[in-house]
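# Overview (structure and organization)
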Amino acid sequence: MKCAFDKEKLWSLALNELTDAEKAEVNSHVSTCSECTEELNSIMTFWNITAALPEPEPSADIKSSFIQQLETYKQEQLAKTSASYQVKEIFSKFITILFTPRVAYGLGMLVIGVVATSLYFQQKGTGKSEVSMLSSQVKEMRELLALSLLEHPSASERLRAVSYVNEIDTVDGRLQDALLTTLNNDENVNVRLTALEALSNMTADPKVREGLIQSIQHQESPLVQSALADLMLKMQEKKSVRSLQNLLKKPETNEAIKTKIQATIHQLNT
């Protein structure tokens, strides 16, 4: 039978957010519950990985990559109104003069703030079409910035990129593909988990669902395997059973994860 203990308390214990009495209560339960012991061990492993995130020096190539994408964006938007063109020119000048990899995100947020202010005043003196056009440009700037940061050599910046995607109301195919690529190939487990969390909000899209199913076979981390199994169960995605079964056949798959996957397959088949 599945343990009904409040799992949020396990996270609070790991984050040292409990009182002494609450800690005693949680520790007492964990000492007698194998399921919660396993869950707590997974949480502690997750935080240990997070604490050990590397901070490599930014690549010199990121500026040229960003500028190249920006130039493509400018060409596509050149025919639009003067107001939108001025927004792009401001963005380009800021990036050209002040750009460094570590402040890319901050500059992007600054420009978005300028655009938001522009939107406010545009509402005072122009029609809805102009406001709609500028809103669309804000979205495009966010997407461009997120795509660029997903290629950043620093894991913390890639984490920032994924969290930035969560602020976009409707994520387009480019960002979905970039997130799936991150989920499958990023060297950092924490980044992959964060990408998976972002993708879990897009499962209404059949392409994303299929991408998540295909991702199962690419995962070697027990944490990511476990999170994917949970998501497949939440989605009631029966098409994932074969991929989960293939994961069971791999000799390197963690025994605890195998047990969880077997339970997931059983629930999906019932």
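Residues numbered from 1 in each chain as written. Predicted model: local features only at pLDDT ≥ 70, side-chain atom pairs only at ≥ 80, totals over all residues. Heavy atoms only, no water.

### As for the overall build of the protein chain
Within the protein chain one finds 14 helices and 0 strands. Sequence-ordered secondary structure for the protein chain, helices as α and strands as β, is α-α-α-α-α-α-α-α-α-α-α-α-α-α. Taking all 270 residues of the protein chain together, 44% fall into the buried category. Contacts in the protein chain between residues at least 24 apart in sequence constitute 66% of all its contacts with a sequence separation of at least 6. As displayed, the protein chain offers around 14600 Å² of accessible surface, 53% of which is attributable to carbon and sulfur atoms. (Helix = DSSP H or I, 4+ residues; strand = E, 2+ residues; numbered from the N terminus. Buried < 20%, exposed > 50% of the residue type's maximum accessible area, 1.4 Å probe, protein only. Contact = heavy atoms within 4.5 Å. Areas by Shrake-Rupley, 256 points an atom, 1.4 Å probe, with all protein chains shown as cover.)

### Details of the UniProt feature "domain: Putative zinc-finger" (unreviewed entry) in the protein chain
Here, UniProt's "domain: Putative zinc-finger" (unreviewed entry) annotation points to residues 8-36. Within residues 8-36, the helical portion is 72% and the strand portion 0%, while the C-alpha atoms at the span's ends are 11 Å from each other. (UniProt positions renumbered as here; feature names shortened; annotations may be inferred.)

### A short note on helix α10 (residues 189-199)
The buried fraction of α10 is high, at 10 of 11 residues. By the burial criterion, the buried members of α10 are Val189, Asn190, Val191, Arg192, Leu193, Thr194, Ala195, Leu196, Ala198 and Leu199. Its side-chain oxygen 2.9 Å from the backbone nitrogen of Asn190, Asn188 forms the N-cap of α10. (Polar contact = N/O pair within 3.5 Å; in protein donor to acceptor, adjacent residues only side chain to side chain.)

### Observations concerning the environment of Lys234
Tracing the chain through its elements places Lys234 in helix α12 (residues 222-235). Classification of Lys234 by relative accessible area gives exposed; the value is 72%. With 34 residues separating them in the primary sequence, Lys234 and Leu268 have C-alpha atoms 9.7 Å apart.

### Some thoughts on the environment of Ser31
Mapped onto the elements, Ser31 comes out in the loop between α2 (20-30) and α3 (34-51). Side-chain polar atoms of Ser31 contact the backbone oxygen of Ser28, separated by 2.6 Å.

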